[in-house]
Amino acid sequence: MDLAWYALLGLFFGAYLVLAGYDYGVGLLLARGGGPAGRRAALTALGPFFLGNEVWLVAAVGILFGAFPILEGELLSGCYPAVAGALAGVVLVTAGVQLRSRPTDERIRARWDRVVVVGSVLAALGWGVLLAALLQGVPRQADGHVAGVSHLATPFAAAAGLAMVALIAVHGATFLTLRLPAADAAVVGRSARRLVPVALTAVALATVVGLLSARVRESVQRPAVAVLLPVLLVAALLVARAALARRRPGWALVATGAALALPVALVGAALWPYVLVSTTDPGASLTVADAAASAPTLRLLGWVALPLLPALLGFQAMCWWVFRGRTDGRAPVYW
Amino acid sequence: MDTLLLARLQFATTTSIHFLFVVVTLGLVTLLVGMQTAWVITGNPAWERLTRYWGQLYVINYVLGIATGIVMEFQFGLNWSGLSRYVGNVFGAPLAIETLVAFFLESTFLGMWIFGWHRLRKGVHLALLWGVALTAYASAFWIMVANSWLQNPVGYELRDGIAHLTDFGALLTNPSLGMAFGHVVSAALLVGGMLMAAVSAWHLIRRTPDFVLFRTSLRIGLVTAALAITLVQGFGFAQFGPVGAVQPTKFGQGPEAQAMVAEWTARFGPGDYTPPVLASVGLGFMILIGLTLGCVWLLLPLLFRDWIIRLRFPLWLILLALPLPFVAVILGWISREVGRQPWVAYGLLPTEQAVSPVGAPVMLASLIGFSLLLGTLAVTNWVLLARHAARGAVDPALGRPPAPPNEPAHPEPALA
């Protein structure tokens, strides 16, 4: 039961990173210029999917609170700056994208677009640092609380944050290659291909820093799984590059999406059976089973979630199906 | 400054801003459902124009509802980790259900509704709006289930100081839930109706084009507000019984409250168990506003032969009364939440035990940062709402037909 809910939590957070990841990636790429028309076209490509993407985060945190209340309190308050930064980023992106086209003045719209860029960077950095914080362990004391927030300030957390920004940029560019009209897609496809080496470098840097970090080496319970993570990330990025070169943006998006989902799955697997590994007191490490809500709560949530999941996935799939394909002159414009 | 005060200030700020936007969301979506249903059934384009105009205001307002809502959800873990540690087994369940059953679908449907004009079949498009509305109500319901549990914890047993769920049905039949849910939902309808009436009144005062459109929405708004204020008053006064029974210290100083305080002193040690006077002050002023707004009924006869528009001063009254329901919902929220103090879960978990053990500087930075961020976004959002409301119903961006195919989607400058 615990494992099923842990997997579901991972599914929702991973899906959030994959789906909202291209929102943030597109947001990030608003900084590369392209003029007012180009930026509007990029946001039109996000269009109908935007609102349905960040709900995965809200649902993930709902599951975290309902099924893993202890973890919710300790993880969020224990990694306060990372979570608050990511949260501020999410808020800026959600407000920026939805409000930027309401004023008609292009200068004000450009200002909103800068808000979206900043928000996208913050969100990517924050989630990258949070995943790194899990992997490098937290100073959880015997009283069950995480002491202080300075444990986040490590080179590995910084490198992981930057790697997340790079992965999200590649993902966003690949999404635009798939969605924009064919003429614009060729240009953005070249940017996507050029971004892949940047992401590879960032992943390699994070890997090296992580391998050198004693905290990471001691916290990880399954070193093989942890080593698999950078290997698979590099493989996914190379597949994305090859697919982009062969003008298969669909497959490229699957690969870059996998690159964003993999860290969630493999960080969870590498720490199992723990979820918060204590760096100060081995006895204070929190296992998934201890973090989970008691059995009656999980049973109740199970009865709610079981019939609901197909509906949630079904309506999301309906959104993707209805609005599939490249945008064109007849695509609805609102953001 | 201690972290408890900072955390409470932050929660109060975020919740208040959130509440100002979600009542509008809930009220307007109900009216939108009526308008779009009328459009689909009658095929009268006037209803389409109404749906697009009010829909655009609804969608702009929705942005801040989500933004503040996400911050609220995270705040439980960031600032109130004791809440999840001691009562998370019970309190977390309705919140988790809310995110899955309600919010997840609400936003997914809304995205398809915004972009579905001229693309989906009319019936499917309407069904999406119904979906948005139903999930919005479901959202309000589950949040009220969670909140009512904090007001009156039921259906649990304590083992080693941690609450475990024993009877989920008790959460749904909580005496502090039913009337409060009705009260909140009718308050949202009141806000939606008043907003619609006031914006229409402004256009009718200024004699902008679209007289017929704003005449219609003035009538819809006023009738909704009148029906809603009566429900608000009814559900409001009906709460005194159950609230007094389960929370004797909230508004009372009588023998029951004293007995409760004596019991808590025995169990938790001596302390100040009386809620701040702010709760009763909030309640008093809210009731005053509620009774004043009851006068909306006096305006209804003036709808006959448009006397309300011809006389003009009733339009000014409606316009000037617009802040009142917003002030009232905040006061009502204050009286419900502050009246629960010093408990986060009444008689079970003191507020000071629920606050996260983070340092005061972190909490202060978070309070200032998020208050500035959400405050700025809220003001910006209201300015945008006011501008779009004033711009009138001529070609709102929502539901605009796509450009004709012979025109390029992104026209290039000729001499570039």
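The rules behind these values
Residues numbered from 1 in each chain as written. Chains lettered and ligands numbered in written order. Predicted model: local features only at pLDDT ≥ 70, side-chain atom pairs only at ≥ 80, totals over all residues. Helix = DSSP H or I, 4+ residues; strand = E, 2+ residues; numbered from the N terminus. Rg over C-alpha atoms; globule rule 2.2 N^0.38 Å. Buried ≥ 20, exposed ≤ 12 C-beta atoms within 10 Å, placed from the backbone. Contact = placed C-beta atoms within 7 Å. Nonpolar A, V, L, I, M, F, W, Y, C, P; charged D, E, K, R; others polar. Axes fitted to C-alpha atoms, helices over the stretch in contact; angles between N-to-C directions. Parallel < 35°, antiparallel > 145°, perpendicular 65-115°, else oblique. Pairing = 2+ DSSP bridges. Expected span 1.5 Å × (residues − 1). Bend = angle between axes of the 7 residues up to and from the residue. Core = buried A, V, L, I, M, F, W, Y, C linked by C-beta atoms within 7 Å. pLDDT = per-residue confidence, 0-100.

Caption draft 1: Summary view of the overall build of chain B. Within chain B one finds 16 helices and four strands. The globule rule puts the C-alpha radius of gyration for 416 residues at 22 Å, and the 23 Å found for chain B is close to it. Referenced to the eigenvectors of the C-alpha coordinate spread, the extents of chain B come out at roughly 75 × 55 × 40 Å. Relative to its full complement of 416 residues, chain B shows a buried share of 52%.

Caption draft 2: Region of interest: the overall build of chain A. A count of helices and strands for chain A gives 13 helices and two strands. Relative to the compact-globule value of 20 Å for 335 residues, chain A shows a C-alpha radius of gyration of 20 Å, a close match. Residues counted as buried form 61% of the 335 residues belonging to chain A. In chain A, 80% of the contacts between residues at least 6 apart in sequence involve partners at least 24 apart.

Caption draft 3: Representation of the interface of chain B and chain A within the structure. Listed as interface residues are 61 residues of chain B and, on the opposing side, 60 residues of chain A. Elements with a minimum of two residues in the side of chain B that touches chain A: helix 2 (45–79), helix 3 (81–115), strand 2 (162–165) and helix 16 (360–391) of chain B. Per-element accounting of the side of chain B that touches chain A gives the leading share, 24 residues, to helix 3 of chain B. Of the residues assigned to the side of chain B that touches chain A, the class counts are 39 nonpolar, 17 polar and five charged.

Caption draft 4: Expanded view of the environment of B:Thr25. Relative to the helices and strands, B:Thr25 is located in helix 1 (residues 3–42). With sequence-adjacent residues up to four places away left out, B:Thr25 is seen in contact with B:Tyr58, B:Asn61, B:Tyr62, B:Gly65 and B:Ala136.

Caption draft 5: A look at the packing of helix 10 (residues 223–245) of chain A against helix 11 (residues 249–271) of chain A. Residues and elements named next belong to chain A. Packing of helix 10 against helix 11 brings their axes to within 8 Å, and their N-to-C directions diverge by 175°. The angle between the axes of helix 10 and helix 11 places the two elements in the roughly antiparallel class. Across the interface between the two elements, Val225, Ala226, Leu228, Leu229, Leu232, Leu233, Ala236, Leu237, Val239, Ala240, Ala243 and Leu244 from helix 10 touch Pro249, Trp251, Ala252, Ala255, Thr256, Ala258, Ala259, Leu262, Pro263, Leu266, Ala269 and Ala270 from helix 11. Residues of the contact of helix 10 with helix 11, tallied by class, amount to 23 nonpolar, one polar and no charged.

Caption draft 6: Up close: the pairing of strand 1 (residues 156–159) of chain B. Residue and element names in this part refer to chain B. The sheet contact formed by strand 1 and strand 2 spans four bridges and is antiparallel. When the bridges of strand 2 are listed, tyrosine 156 appears paired with leucine 165. What sits between the antiparallel neighbours strand 1 and strand 2 is a turn of two residues, in which aspartate 160 has the positive phi angle 55°.

Caption draft 7: Quick peek at helix 2 of chain B. Residue and element names in this part refer to chain B. In this model, helix 2 (35 residues) spans 50 Å end to end at C-alpha, consistent with the 51 Å of a helix rising 1.5 Å per residue. Maximal helix bending in helix 2 amounts to about 25°, located at glutamate 73. Taking burial as the measure, the 35 residues of helix 2 include 31 buried ones, the bulk of the element.

Caption draft 8: Inspection of the nonpolar core at higher detail. Of all hydrophobic cores here, the largest spans 280 residues; its most connected members are A:Ala60 and A:Val83. The greatest single-element share of this core, amounting to 21 residues, is contributed by helix 3 of chain B. Ignoring any residue separated from it by four or fewer positions in sequence, one finds A:Ala60 in contact with A:Leu9, A:Phe12, A:Phe13 and A:Tyr16.

Caption draft 9: Seen up close, unusual backbone geometry. A cis geometry characterises the amide bond from A:Trp272 onward to A:Pro273, with omega recorded as 5°. Mapped onto the elements, A:Pro273 comes out in the loop between helix 11 and strand 1 (274–276). The omega angle of the peptide bond from B:Gln341 to B:Pro342 is 0°, so this bond is cis rather than trans. Structurally, B:Pro342 is set in the loop between helix 14 (323–338) and strand 3 (343–345). Even without being a glycine, B:His118 presents a positive backbone phi close to 65°. Turning to its location among the elements, B:His118 is positioned in the loop between helix 3 and helix 4 (122–151). One non-glycine residue, B:Asp210, adopts positive backbone phi at about 70°.

Caption draft 10: The confidence of the model for chain B, seen in detail. All names here are of chain B. Taken as a whole, chain B shows an average pLDDT of 91; of its residues, 97% reach a score of 70 or greater. The low-confidence segment residues 411–416 (pLDDT under 50) makes zero contacts with residues lying over four places distant or belonging to another chain. Across the assembled chains, the prediction reports ipTM 0.94 with pTM 0.94.

Caption draft 11: How the structure looks around the environment of B:Ile17. Residue and element names in this part refer to chain B. If you trace the backbone, isoleucine 17 turns up in helix 1. With 24 C-beta atoms packed within 10 Å, isoleucine 17 lands in the buried category. In this structure, the C-alpha to C-alpha distance between isoleucine 17 and serine 371, residues 354 residues apart in sequence, is 9.4 Å.

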